[in-house]
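# Examining the three-dimensional arrangement
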Amino acid sequence: MVWARTEVDGIPAYWADGDGDLKARLIFRVGTADEQLAVSGITHLIEHLALFAVKGQAHTVNGQVDATTTVFAVKGDPQEVVEFLTGVCGALRSLPFDRLQVENRILRAEANDRAPALLEPLLLWRYGAATYGVSSYEEFGVGRHTPDQISAWVERWFTRNNAVLVFIGGPPPESLRLDLPTGERIPPPAPSSALPVTPAYFTEPRQRTVVANAVVGRSMPAQAYTMLLGRRLEKKLRTELGISYSPAASYNVRDADVAHVTAFADGLPENHAELVSAFVFHFRLTAEEAASGQEIADIVDRLRTAKRDSPSGTAYGNALRELFGREPISDRGLESRLAAVSPEAVREVGAEAFQSALVMTPGRELPGARFHPAPWTSADTVDGQVLRSADAPVDGDRLVIGPAGVSLVQSPSRRVTVRFPECEAMLAWPDGARRLIGRDGFSLLIEPTLWIGGSSLAARLDEAVPADRVVPRPGRSPDRIPKPKASRYQRVRARLTRDRAAGVAPTRRTGGGDAG
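First things first, this report covers the structure right here in the doc. Computed from a predicted structure; not experimentally measured. (Residues numbered from 1 in each chain as written. Predicted model: local features only at pLDDT ≥ 70, side-chain atom pairs only at ≥ 80, totals over all residues. Heavy atoms only, no water.)

Turning next to the overall build of the protein. Along the protein, the regular secondary structure elements total 13 helices and 20 strands. Of all 516 residues assigned to the protein, the portion counted as buried reaches 48%. Residue pairs in contact within the protein that sit at least 24 positions apart in sequence constitute 75% of those at least 6 positions apart. For the protein, the exposed area adds up to about 24900 Å²; of that, 51% sits on carbon and sulfur atoms. (Helix = DSSP H or I, 4+ residues; strand = E, 2+ residues; numbered from the N terminus. Buried < 20%, exposed > 50% of the residue type's maximum accessible area, 1.4 Å probe, protein only. Contact = heavy atoms within 4.5 Å. Areas by Shrake-Rupley, 256 points an atom, 1.4 Å probe, with all protein chains shown as cover.)

If you trace the backbone, Thr 209 turns up in strand S8 (residues 209-217). Dropping the residues within four chain positions of it, Thr 209 is found in contact with Leu 118, Phe 264, Ala 265, Asp 266, Met 360, Thr 361 and Pro 362.

Turning our attention to the pairing of strand S5 (residues 70-76). In terms of burial, S5 is largely enclosed, as five of its seven residues are buried. Note: strand S3 (residues 22-28) against S5, seven bridges, orientation antiparallel. Within the sheet, the bridge partner assigned to Ala 24 lies in S5 and is Val 74. As paired elements, strand S4 (residues 60-65) and S5 share six bridges and run antiparallel to each other. The partner of Gln 64 across the bridge, within S5, is Val 71. (Pairing = 2+ DSSP bridges.)

Attention now moves to the sheet that holds strand S12 (residues 372-373). If you trace the six strands from one edge of the open sheet to the other, you get S9-S10-S8-S11-S7-S12, paired in mixed fashion. Edge positions in the open sheet fall to strand S9 (248-253) and S12, since each of these has one partner strand only. Two elements, strand S7 (residues 200-204) and S12, share two bridges in a ladder whose sense is parallel. The residue bridging Tyr 201 from the neighbouring strand is Pro 373, located in S12. Lying on the sheet, helix H4 (residues 120-127) is in contact with S7, S8, strand S10 (258-266) and strand S11 (358-362); it crosses S8 at an angle near 50°. (Axes fitted to C-alpha atoms, helices over the stretch in contact; angles between N-to-C directions.)

Bringing the pattern of salt bridges into the picture now. According to the stated counting rule, one finds 27 salt bridges in the structure shown. Arg 5 is the salt-bridge partner of Glu 322, the closest N and O atoms lying 2.8 Å from each other. Remark: Arg 5 occurs in strand S1 (residues 3-8) and Glu 322 occurs in helix H9 (residues 311-323); sequence separation between them is 317 residues. On the accessibility criterion, Arg 5 (37% relative accessible area) is partly exposed. One salt bridge in this structure joins Arg 254 and Asp 255, with 2.8 Å as the shortest N-O distance. Across the pair, Asp 255 and Arg 254 agree in class, each one buried. Each of Glu 424, Arg 439, Asp 468 and Arg 469 takes part in a single network of salt bridges with overlapping partners. (Salt bridge = Lys/Arg side-chain N within 4 Å of Asp/Glu carboxyl O.)

At a minimum axis separation of 10 Å, helix H8 (residues 293-308) and helix H10 (residues 331-339) run at an interaxial angle of 165°. In terms of orientation, H8 lies roughly antiparallel with respect to H10. For H8 against H10, the interelement crossing comes out right-handed. Contacts from Val 300, Leu 303, Arg 304 and Lys 307 of H8 reach H10 at Leu 334, Glu 335 and Leu 338. In terms of residue class, the contact of H8 with H10 is built from four nonpolar, no polar and three charged. (Parallel < 35°, antiparallel > 145°, perpendicular 65-115°, else oblique. Left-handed = near helix turned anticlockwise from the far one by under 90°. Nonpolar A, V, L, I, M, F, W, Y, C, P; charged D, E, K, R; others polar.)

Moving on, we come to the sheet that holds strand S16 (residues 414-419). Across the sheet, which stays open at both edges, the four strands sit in the order S13-S14-S15-S16 with antiparallel pairing between neighbours. Where the open sheet ends on each side, the last strands, each with one partner, are strand S13 (385-388) and S16. With direction set aside, neighbouring strand axes in the sheet form an average angle of 15°.

Attention now goes to H8. Between the first and last C-alpha of H8 there are 22 Å, a value that for 16 residues agrees with the 22 Å anticipated at 1.5 Å per step. Along H8, the residues that are buried comprise Ile 296, Ile 299, Val 300 and Leu 303. Along the axis of H8, the buried residues cluster in a sector spanning 100°; they form a single face. Relative to its buried face, H8 has exposed residues pointing more than 90 degrees away, namely Gln 294 and Arg 308. Residues of H8 that are buried in the fold lie against helix H6 (220-240), H10 and helix H11 (343-355). (Expected span 1.5 Å × (residues − 1). Arc of directions from axis to C-beta.)

Here it is as structure tokens:
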């Protein structure tokens, strides 16, 4: 079996032998990480609109959007593949905008049925509300994209210079012609960051799984390390201790230079303490002690066999490499990379993974002293007008709103700040409620009814946050709008207590006449 590279109308095309129907993928270098949070979902919408135009044809088709790519896939005979790929390119040049309302409803239904991915909270805590963290949120832009916005997005991203092709089952059909506009190759975005220091952790009481996500350089030793880590976790946590059913590790490319290594292990609540301890122990062990030469040799043999027996995987991997701006790897180059995998090289990747790790633990279990708690409070607050809670005691919650942003201060150790220039999205309800999401992932829900003097909050926030970051939300029923729980007497008493503490003399209300 072989693989090779060619071109179709200037688009790089990688192909490999295979059995059965011809399989093809048209891949564009655009995904959720390229979107701004408040208008996210535009790439997904374009994928749906383009597929609608060609789904009536008699072959198996599919589409997918991930963090950095958009894929249109087809399986059929060569003529069906030609019709599909030609149809997709034609649809991208003239999208069926009369289908917008229907596809928006379908996107909402799809989102409602989608189960949260295990990795989503780790991406949010690592990257915040931008770049590779955007996929952790709902698609806030769905239903608000205009034809002009969609057309501009297609013109920028869906071009022949920003695409690659992959064929499994033979070379591209000779009759294939792809009518795509000229553009530019756009690299994956530089990552945002919400973690000041690693290794770090956060707890998730509702989870039953411990998960570690690490950032490592793309390399063959990194792939070998992932296999080693997965093997050790399965051997120790499942086979020997019997505290996890499906421990595993995966290697996923993030961009041209970096990959994510993600390891996880599930377990029953009564085993969480032992599970976290054993998981972290073996995760750390791969960073501190080199595996045996025989263990690494066996892993290298398995990698060699997998890549030798799967030219389709090599073709697809090289297509993504070129799409991300890297040189493809020849068979000879692959062999030299495999030969360079050693116990020490794998241990060095383990050290890199441990140092960059973010761990999510189930319940309230902690991973150990080497891990720093991920920030759960903002570093500072803004200056501005201070509003008091309608429910809080004298020294209770404070809301601070000023020219730079807004802060909620709940205690000396708990504060949340969103600065207006770093607000990635503000959800706006007709009744005045506002939820601001900062670039660092911190979120602040403001209910004007719960703050003394809060009637002007919505107008002030609407004026301060850029209009393109505002996400209108549907109206709420009156019973969903929160009201202060404290009585008027309690609020007045709290105000008088604050005034006395501040040295303010109380005033008296008098009647309209002279009783003398």
